[in-house]
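Structure at a glance
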Amino acid sequence: MKRFVYVNDESCGESYCDNRVSNTKYTLWNFLPKNLLEQFRRFMNQYFLLIACLQLWSRITPVSPVTTWGPLAIIFIVSASKEAWDDYNRYLSDKKANERKVWVVKDGIRGQIKAQEIHVGNIVWLHENDEIPCDLVLIGTSDPQGICYVETAALDGETDLKTRIIPSICANLSSDQLGKVKGVLECPNPDNDIRRFDANMRLFPPIIDNEKCPLAINNTLLQSCYLRYTEWACGVAIYTGNETKSGMSRGTAEPKLTAADSMIDKLTVAIFVFQIVVVLVLGFAGNIWKDSNGRKHWYLMYPAEGPWYDFLVIPLRFELLCSIMIPISIKVTLDLAKGVYAKFIDCDEQMFDRETSTPAHSANTAISEDLGQVEYILSDKTGTLTENIMIFRRCCINNTQYGDDSGDALKDTRLLNAVSSNEPDVVKFLMVMALCNTVVPIKSNDGAISYKAQSQDEEALVNAASNLNMVLTSKDSSSAEICFNSSKFQYELLDVLEFTSDRKRMSVVVKEGGSGKFLLLSKGADEAIFPRSNPGQQTKTYLEAVEMYSHLGLRTLCLGWRELEEGEYKEWSKKFQEASCSLDNRECKIAEVCHSLEQGINILGVTAIEDRLQDGVPETIKLLRSAGINVWMLTGDKQNTAIQIALLCNLITPESNGQLLSINGKTEDEILRSLERALVIMKTTPERKDLAFVLDGWTLEIILKHSMESFTRLAMLSRTAICCRMTPLQKAQLVGILKTVGYLTLAIGDGGNDVRMIQEANIGVGISGREGLQAARAADYSIGKFKFLKRLILVHGRYSYNRTAFISQYSFYKSLLICFIQILFSFVTGLSGTSLFNSISLMAYNVFYTSLPVMTILFDKDMSETTVLQYPQILLYSQAGRLLNPSTFAGWFGRSLYHALVVFLITVHTNAYEQSNMEEISMVALSGCIWLQAFVVTLDTNSFTYLQVILIWGNFVAFYIINLILSSVPTLQMYTVMWRLCSQPSYWITMALIVTIGMGPVLALRYLRNVYRPSAIDVLQQIEQTNGPTQTSRNVESATRIYLDQLLTDLRRNKGSIHQPLLSDSVASIR
């Protein structure tokens, strides 16, 4: 489908939407129904709504409906208020953008209007530093060459300035003509591809009459970008409002379900099934008791003949009584906890990068606990493991290598002499370095020249050429000037054959100012340039140079050129123009035409650029691998370069202790045989030997097509992999393979080419690097340096998982405790489904009495951060889900049943011979629950702060204060109850008995386990209690140290038995 935009034509704009931007989710009229609909999409909310509705039936409800309606209303109000506040802020932001004043030109007359009043076809006039209000096709600028500069960081996260040029058809238009121009643009319908715009433009008389001119993305100004270093620019509005590329890119990311959330969902289903079984059994037994015994007791007032549905009354009453088995507040509690985890990450000063003033940031507040369960890290190399500061180190020109002795070609006297003597091959080599790029030279007021580049490699090459006297002094869309040894040379820039990840090269066609010769200048990866070299040229020396430089960990590029005949160029230019004007499959057609010209290239030489490792990378990778995390490196670099970087950063082990398996071949059969051979070695090699495999993008493509299953098995066996020459799609495919098996993956990168991988992974981490913020914007977490990953995973991830494990299981425990007491009470009330507790007590128990103490766990640390980083192997406990699984939940389930028996039996027996009413027995049982839970939380808290003590025991005191106040209200059933109980010694003796009998066995079992079967965590906690935080292991007794090392070794050795793919049974879940 196409869109035809008529320039300066008011009738055109009426066919399309105006420029009003709307990012709001709701309106004033649809907020309540739409928000309620979203809330009730969740099964648990539907379930509790059903329970609340059943409680309105007075015949079956054992308690007041307020016990469910109250908490349900609070949860809905909290969630709705948060949504409303977020949407209101979006509305204010939209209002500010829509009412901003902009200049437009209509029939030559300039005027100001609101941004929301712009229509398709209007000519918009911009001034320096203006924000671009909609998507425009650039038709004029203040620069005589038709160039302007835009900052696109808000759109794609890239901080470097981009050059935009006017179409050739508009090159000679004056500023007066620009306001009156008429024409038509043929462009595609709106899409979200910010890298591509395939369109054509034609202008109408009387201004100019011309053939259609192709338009590309470099002819556009996109919404949300800023005009920089340009006095003014104007453009035709082509996409407006939410139809701009920025607007089409907006969207809500699919929510990710953590491994812990997945386990909680399974446990909820299990409890729900158990609840249904209990309800059916008790309901059936209750009906039998009613028919056999109940009707004999006149005071129960059972009718002789009930309605047809009478058999449902008791089961439904038990359903309402047991509905609190599933804690209504668990989701709100966990959401609040996860929000606090995210704030801990944001406020961590040890993850603040002072070099770039970049703090860590949590964009996704819902998945912090997954950080503590990461099994695979897939990392980009350039800018992620390395600094992305490119330094020109060596080169090979005309079979001569420079920089080998000093390590710096710019100081090599042989090269300096060759430059000063105008050696032809060296001059051509430097000319290609200076011209074959997208670099923009910017002159300061004092005449100094600096360079703005979209690629760090290009900037390094142009700066190196400048240091060798080949200075790029000026450049625009049609010409460039270089100064070499005090002589100036002019070049006409005819065409740019742009770099793509598929082509892996770029070329420019220039015309020399003096001789009029047509030259093709090319640079690119060795596998993209050497196959297109002149068949008669010897390239062995260059191949050897590439091999040597890559072994040194340097990034290589090959440079070449060839002279074109004028006729050859003109014939090719027509084909290139036709391909550029095509609206269908333009990219492929352009690539095909470019390929036809890039043949017979004369290789001039090879450049080698150093990209140093970031500080702390080797130590971080070593620590993460010690924690049982498998680390893969995915890069677009050459294999040898990647291997050297992997050795430097402790990713792979030298040959004495490790083995690197190369999967390659010249044919498909060779590749598949190499894969099977590597798989056999992986299976048969002893575990103590560190194995890794290496492959490239072409090999991976063959394997995924023909032997996906074998590669998946290899991936599961390998702790380390080096994947070279990877495209962005292939990086995402590798992440997808590991996710399909069920492993929990983390992808980390710093550039736009890493976004697909980051979004595909369970957890995406972006580094705010020199390539911009695109990866950081797309990620769940952003950090300033790779080294901060160890704290993100080992400290924040592990603590978050531990806390979520306790909070979720404790929430079930407190609900099961009160529910089991209700069930036990039913056995002494004729299985009638009568509630022991009054409605106020039940609601307060769920919402207030038991919610605050559990929040103390948000600040709990089972051991110090120093110890965690010193013994990273303990992450294996959270990786394997050892703290939240059916086994640990069974322990909490058993504890709740045991505590319910203790509370109920002691309460009943201590009050059996006293004249106690129901309200007093109910309050004694409720008090016992509160006492037990205060001690449970205290016992499971490892570190105490003043806030934690206040939350636990302050809440405990508040329980008595609130109930004493309620007992003072004459209109309530609880009138005088708590006052009477507190004045009786038997009440306090009962509480002491409940705590002693309830907590005694728990403490005994814990003591026996710590003495006879301690875990590594128990041992480390004991060491910390004895010696303080484990700054060093020198203070640890040798016997304890040996035992601890043995535990950690056994934990690693037994990883296979306890540590299956974390999500293997929930692959289909949305993550």
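Residues numbered from 1 in each chain as written. Predicted model: local features only at pLDDT ≥ 70, side-chain atom pairs only at ≥ 80, totals over all residues. Heavy atoms only, no water.

Under the annotation held in an unreviewed UniProt entry, the protein carries the name Phospholipid-transporting ATPase and is attributed to Brachypodium distachyon. Turning to the protein, the UniProt annotation filed under Cofactor (unreviewed entry) states: "Mg(2+)". Here the protein is described in UniProt, under the heading Sequence similarities (unreviewed entry), as follows: "Belongs to the cation transport ATPase (P-type) (TC 3.A.3) family. Type IV subfamily." (UniProt positions renumbered as here; feature names shortened; annotations may be inferred.)

Position of K540 relative to the elements: it lies in helix α15 (residues 540-551). Residue K540 is classed as exposed on the basis of its relative accessible area, which comes to 57%. Distance in space between the C-alpha atoms of K540 and N399 is 8.9 Å, their sequence separation being 141 residues. (Helix = DSSP H or I, 4+ residues; strand = E, 2+ residues; numbered from the N terminus. Buried < 20%, exposed > 50% of the residue type's maximum accessible area, 1.4 Å probe, protein only.)

Of all hydrophobic cores here, the largest spans 93 residues; its most connected members are M325 and I821. With 16 residues, the top contributor of residues to this core is helix α26 (residues 789-826). Those residues in contact with I821 that lie beyond four places of it in its chain are L836, F837, A900, V903, F904 and C929. Counting 55 residues, the second-largest nonpolar core is a separate cluster that includes I652, L746, M863 and Y877. (Core = buried A, V, L, I, M, F, W, Y, C linked by side-chain atoms within 4.5 Å. Contact = heavy atoms within 4.5 Å.)

The subject of this paragraph is a nonpolar patch on the surface. A contiguous nonpolar surface patch, about 450 Å² in accessible area, is contributed by W85, Y88, Y91 and L92. As for its placement among the helices and strands, W85 is situated in helix α4 (residues 66-98). Relative accessible area serves as the criterion here: at 54%, W85 is assigned to the exposed category. (Patch = residues over 30% accessible without salt bridge, like charges linked within 9 Å, V, L, I, M, F, W, Y side chains within 5 Å. Areas by Shrake-Rupley, 256 points an atom, 1.4 Å probe, with all protein chains shown as cover. Salt bridge = Lys/Arg side-chain N within 4 Å of Asp/Glu carboxyl O.)

Bringing helix α19 (residues 639-648) into the picture now. Within the sequence span of α19, burial applies to N640, T641, A642, I643, I645 and A646. Turning to α19, the residues buried within the fold contact α15, β25 (555-564), β26 (602-613), β27 (630-634), β28 (658-662) and β30 (720-724).

This next bit is on empty space enclosed by the protein. Evaluated as defined, the whole model comprises four cavities of 30 Å³ or more. Only α4, α9 (310-322) and α27 (839-849) provide two or more residues apiece to the lining of the largest cavity. Looking at which element gives the most residues to the lining of the largest cavity, the answer is α4, with three residues. The residue makeup of the lining of the largest cavity, split by class, is 10 nonpolar, six polar and no charged. As a volume, the second largest cavity reaches approximately 60 Å³. Lining of the second largest cavity is provided by Y810, Y849, T850, P853, I930, Q933, A934, I952, N955 and F956. Only α32 (918-940) and α33 (946-966) provide two or more residues apiece to the lining of the second largest cavity. Classifying every residue of the lining of the second largest cavity gives seven nonpolar, three polar and no charged. (1 Å grid on protein atoms, 1.4 Å probe; cavity = no way out; pocket = protein on both sides within 12 Å on 5 of 7 lines; lining within 4 Å. Points joined across faces, edges and corners; volume = space filled by probe spheres on them. Nonpolar A, V, L, I, M, F, W, Y, C, P; charged D, E, K, R; others polar.)

With 28 residues, helix α35 (residues 985-1012) should cover 40 Å at 1.5 Å per step; its first-to-last C-alpha distance of 40 Å lies within 8% of that length. The sharpest bend along α35 reaches about 30° and sits at M999, with the proline P1001 one to four residues further on. Three or more residues of α35 are buried, namely Y987, T990, M991, I994, V995, G998, M999 and V1002. Looking at the buried side of α35, the elements it contacts are α31 (886-910), α32, α33 and α34 (977-982). (Expected span 1.5 Å × (residues − 1). Bend = angle between axes of the 7 residues up to and from the residue.)

Looking now at the sheet that holds strand β9 (residues 199-203). Taken together, the four strands give an open sheet; going across it, the order is β1-β8-β9-β10, and neighbouring strands pair in antiparallel fashion. Of all the strands in the sheet, just β1 (2-7) and β10 (213-215) have a single pairing partner and so form its edges. Each neighbouring strand pair of the sheet contributes to a mean axis angle of 25°, computed without reference to strand direction. Of the pairings in the sheet, the one linking β9 to β10 comprises three bridges and is antiparallel in character. Within the sheet, the bridge partner assigned to A199 lies in β10 and is L215. (Pairing = 2+ DSSP bridges. Axes fitted to C-alpha atoms, helices over the stretch in contact; angles between N-to-C directions.)

Here we come to the packing of helix α10 (residues 330-346) against α26. With their axes 11 Å apart at the nearest point, α10 and α26 run at an angle of 165° to one another. Between α10 and α26, the angle is such that the two are roughly antiparallel. The two elements α10 and α26 cross, and the hand of that crossing is right-handed. Contacts between α10 and α26 involve I330, T333, L334, A337, Y341, F344 and I345 on the former and, on the latter, L792, H796, S800, R803, T804, I807, S808, S811 and F812. When grouped by side-chain class, the residues that make up the contact of α10 with α26 number nine nonpolar, six polar and one charged. (Parallel < 35°, antiparallel > 145°, perpendicular 65-115°, else oblique. Left-handed = near helix turned anticlockwise from the far one by under 90°.)

Right, let's get into the UniProt feature "active site" (unreviewed entry) in the protein. Listed under "active site" (unreviewed entry) in the UniProt record, and renumbered for this structure, are D380. Non-local contacts of D380, meaning those with residues more than four positions away in its chain, are made with L385, L634, K731, I748, G749, D750, D754 and M757. Polar side-chain contacts of D380 include one of 3.3 Å to the side chain of T384. (Polar contact = N/O pair within 3.5 Å; in protein donor to acceptor, adjacent residues only side chain to side chain.)

Counting buried residues in strand β20 (residues 470-475) gives five out of six residues, a clear majority hidden from the surface. One ladder, built from five bridges, connects β20 with strand β21 (residues 479-484); its direction is antiparallel. Note on β21: the bridge partner recorded for V471 is C483. Counting the residues that bridge the hairpin from β20 to β21 gives three residues.

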